[in-house]
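# Topology and contacts: notes
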Amino acid sequence: MSVAVQDKKQLVVPPPQGRSTGITVDHAEGSWFYTSDGEKWLDMVMGIAVVNTGYSHPKVLAAAQAQMEKMVHAQMALFYNQPAMDLAEKVCEIVPGNMDRVLYANSGAEAVENAVKLAKQATRRPATIAFQGAFHGRTHLTMALTCSKTIYRGHFEPLAGGIFHSPYCYPYRTPRGEDPTDWALSRLDFVLRSQIVPDDVAAILVEPIQGEGGFVVPTKEFMQALRKKADEIGALLIIDEIQAGMGRTGKWFCHEYCDVTADIVTIAKGIASGFPLSAIVSRADIYDKHSPGSLGGTFGGNLVSLAAGIATIDAMRDEGMVENAARQGEKLRAALRDLQKDYPQMGEVRGLGLMDAVEFVVPGTNKEPNASFAKKVIGECVKHKMLILGCGYYDNCVRFLPALNITDADLDTAIGIFSDAVKVAAAS
Ligand SMILES: Cc1ncc(COP(=O)(O)O)c(C=O)c1O
């Protein structure tokens, strides 16, 4: 070691890797985790929409353990394996559209990278349209697609080219007097008129709810218009379901709410309950245009992760977790809207299923973002041992991402802690 390290925590890269607490976690079960000091915490984050089936789900653990006994790694470029085929079959059953091809990778960013590469090669076109406020990852290509905050891009220029951003459909922050759908679409048309010719566009890449951008729920008409626009200009529609997918919003995939189908869907986070895995789901007519060997990687589709992915979907189906997410989400938003009546700082409560947020504003202003209030609320929750995260371009939103099988009692506890936190923040 080149320097004396007093505290071993310093060895684990801060500060470029942000960290919201100083605690050290030890083990976890369901919606709760335990620190190395023996504290018990309620988790409203679940690894940022990853451990959707709750920590240590017995069926997921058993499947992973059984797979470990048989074989851990089977390089996808060398041979087929049964878990890869079985999970692909299940994924194609739950993803809307006639999907019949699945490529596995390890992370969300890798999935988006591969989706864009797939679209470029399939269309032989160079450009991608993404949206302001989007988060698609931190690798070199995905940070160029990401623009939810400058911290993800700052001091990394030059970024990958061929990427054009248009405003997202953000009903709460649409300029006064404008229709949210029409306004966002008119901006997209402007991008296609002023910055990139339509027949250079390989893909329109969109989150069905913006995640890091503030859990912004677009209109159904906006998503439908993107489908139509992609068809009109001969581009592919990539829907990034990395945070919103896998049951999170009360449907298997969030874009089911909009009655649209994508050409390519990216999935990661919740697909394997915490084992690293992502999937780029599409159709044969798109994948068949690719040159062999141009996509892939050493670890993509790890066998243990695949087994965990199969068990995740089975457990979610057997235990009605998607339905629970829809029901508990309604209950959560109703409680938050009740609270909102007494606190004008709560500018908007929004979300679908268990992907919900409160956007805080300064009372009496024209929706001036109130990041300090959001920070106080998070701080108060943390004091009461409930982990919850912020989001939003202005850091003025607080988001809820509980386990999809959260119980009524645990959600009531979370609502109670959050309500008290808002009360204390408003009084300070
Ligand atoms: C919508 C979306 N896309 C992509 C990513 C990147 O995923 P990863 O952190 O696994 O690379 C994220 C992560 O938060 C995300 O929310």
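Worth saying up front: this structure is predicted, and the values here are computed from it rather than measured. (Residues numbered from 1 in each chain as written. Predicted model: local features only at pLDDT ≥ 70, side-chain atom pairs only at ≥ 80, totals over all residues. Heavy atoms only, no water.)

### Digging into the site of the ligand
Inspection of the region around the ligand gives Ser 107, Gly 108, Ala 109, Phe 135, His 136, Gly 137, Glu 207, Asp 240, Ile 242, Gln 243 and Lys 269 as its neighbouring residues. The contact in question runs from a nitrogen atom of the ligand to an N or O atom on the backbone of Phe 135, over 3.3 Å. Contacts to the ligand include Asp 240, whose side-chain N or O atom sits 2.7 Å from a nitrogen atom. Compared with its free state, where it exposes 390 Å², the ligand has 84% of that area covered by protein. Classifying every residue of the shell around the ligand gives three nonpolar, five polar and three charged. (Near = heavy atom within 4 Å. Polar contact = N/O pair within 3.5 Å; in protein donor to acceptor, adjacent residues only side chain to side chain. Areas by Shrake-Rupley, 256 points an atom, 1.4 Å probe, with all protein chains shown as cover. Nonpolar A, V, L, I, M, F, W, Y, C, P; charged D, E, K, R; others polar.)

### What about unusual backbone geometry?
Note that the residue after Glu 157, namely Pro 158, is joined by a cis bond; omega there is 0 degrees. Relative to the assigned elements, Pro 158 resides in the loop between helix 5 (140–145) and strand 6 (163–166). Although it is not a glycine, Lys 269 sits at a positive phi angle of roughly 25 degrees. Within the element layout of this structure, Lys 269 appears in the loop between strand 9 (264–267) and strand 10 (278–282). Assessed through its relative accessible area of 23%, Lys 269 is described here as partly exposed. Residue Ser 273 is not a glycine yet carries a positive backbone phi of 55 degrees. (Helix = DSSP H or I, 4+ residues; strand = E, 2+ residues; numbered from the N terminus. Buried < 20%, exposed > 50% of the residue type's maximum accessible area, 1.4 Å probe, protein only.)

### Some details on helix 9 (residues 303–318)
Owing to its 3.6 residues per turn, the α-helix brings residues three or four apart onto one side. Along its 16 residues, helix 9 runs 22 Å from first to last C-alpha, staying within 8% of the 22 Å computed at 1.5 Å per residue. Near the N-terminus of helix 9, the side chain that reaches the backbone nitrogen of Val 304, with its oxygen 2.8 Å away, is that of Asn 302. (Expected span 1.5 Å × (residues − 1).)

### Overview of the pattern of salt bridges
Under the definition given, this model contains 23 salt bridges. The partner of Glu 232 in a salt bridge is Lys 229, with the nearest N and O atoms 3.3 Å apart. Linking Glu 232 with Lys 229, this pair stays in helix 7 (residues 220–233), spanning three residues, or about one helical turn. Owing to a relative accessible area of 56%, Glu 232 belongs among the exposed residues under this scheme. (Salt bridge = Lys/Arg side-chain N within 4 Å of Asp/Glu carboxyl O.)

### Observations concerning the domain arrangement of the protein chain
In terms of domain boundaries, the protein chain breaks down into domain 1 (5–57 + 320–427) and domain 2 (59–318). Centre-to-centre, using C-alpha coordinates, domain 1 lies 25 Å away from domain 2. With 40 residues of domain 1 at the interface, the matching set in domain 2 holds 41 residues. For the pairing of domain 1 and domain 2, the buried interface totals around 3300 Å² over both sides, and the portion due to carbon and sulfur atoms is 58%. When residues of domain 1 are sorted by the area they lose upon contact with domain 2, His 57, Met 355 and Tyr 393 head the list and together hold 23% of the total. Counting across the interface, domain 1 meets domain 2 through three salt bridges. Glu 359 serves as the salt-bridge partner of Arg 173, at 2.7 Å between the closest nitrogen and oxygen. In this assembly, domain 1 and domain 2 are joined by 25 residue pairs in polar contact (both at pLDDT 80 or more). (Domains from an automatic or database assignment. Contact = heavy atoms within 4.5 Å. Buried area = accessible area lost by both parts, 1.4 Å probe.)

### Overview of helix 10 (residues 321–340)
For helix 10, spanning 20 residues, the distance from its first C-alpha to its last is 28 Å, which sits close to the expected 28 Å at 1.5 Å a residue. By the burial criterion, the buried members of helix 10 are Met 321, Val 322, Asn 324, Ala 325, Gln 328, Gly 329, Leu 332, Arg 333, Leu 336 and Leu 339. In a view along the axis of helix 10, the buried residues occupy a sector of 155 degrees, so they form one face of it. Along helix 10, exposed side chains directed more than 90 degrees from the buried face belong to Glu 323 and Glu 330. Each element contacted by the buried residues of helix 10 is listed here: helix 9, strand 11 (346–352), strand 12 (355–360), strand 15 (397–400) and helix 12 (408–427). (Arc of directions from axis to C-beta.)

### Some thoughts on the packing of aromatic side chains
Enumeration according to the criterion identifies nine aromatic pairs in this entry. Summarising the aromatic geometry, the rings of Phe 135 and Tyr 152 are spaced 4.9 Å apart at their centres and angled 70 degrees between planes, so their arrangement reads as edge-to-face. With Phe 135 in the loop between strand 5 (127–131) and helix 5 and Tyr 152 in the loop between helix 5 and strand 6, this residue pair connects regions lying 17 residues apart in the sequence. Taking the relative accessible area as the measure of exposure, Phe 135 reaches 17% and is therefore buried. The exposure class of Tyr 152 is buried, given its relative accessible area of 10%. Between Tyr 168 and Phe 222, the aromatic rings sit 5.7 Å apart at their centres with planes inclined by 75 degrees, giving edge-to-face as the arrangement. In this pair, Tyr 168 is assigned in the loop between strand 6 and helix 6 (180–194) and Phe 222 in helix 7, connecting sequence segments 54 residues apart. Pair check on accessibility: Tyr 168 and Phe 222 agree, each one buried. One aromatic cluster is present, built from ring pairs that chain together Phe 131, Tyr 168 and Phe 222. (Phe/Tyr/Trp six-rings, centres within 6.5 Å; stacked < 30°, edge-to-face > 60°.)

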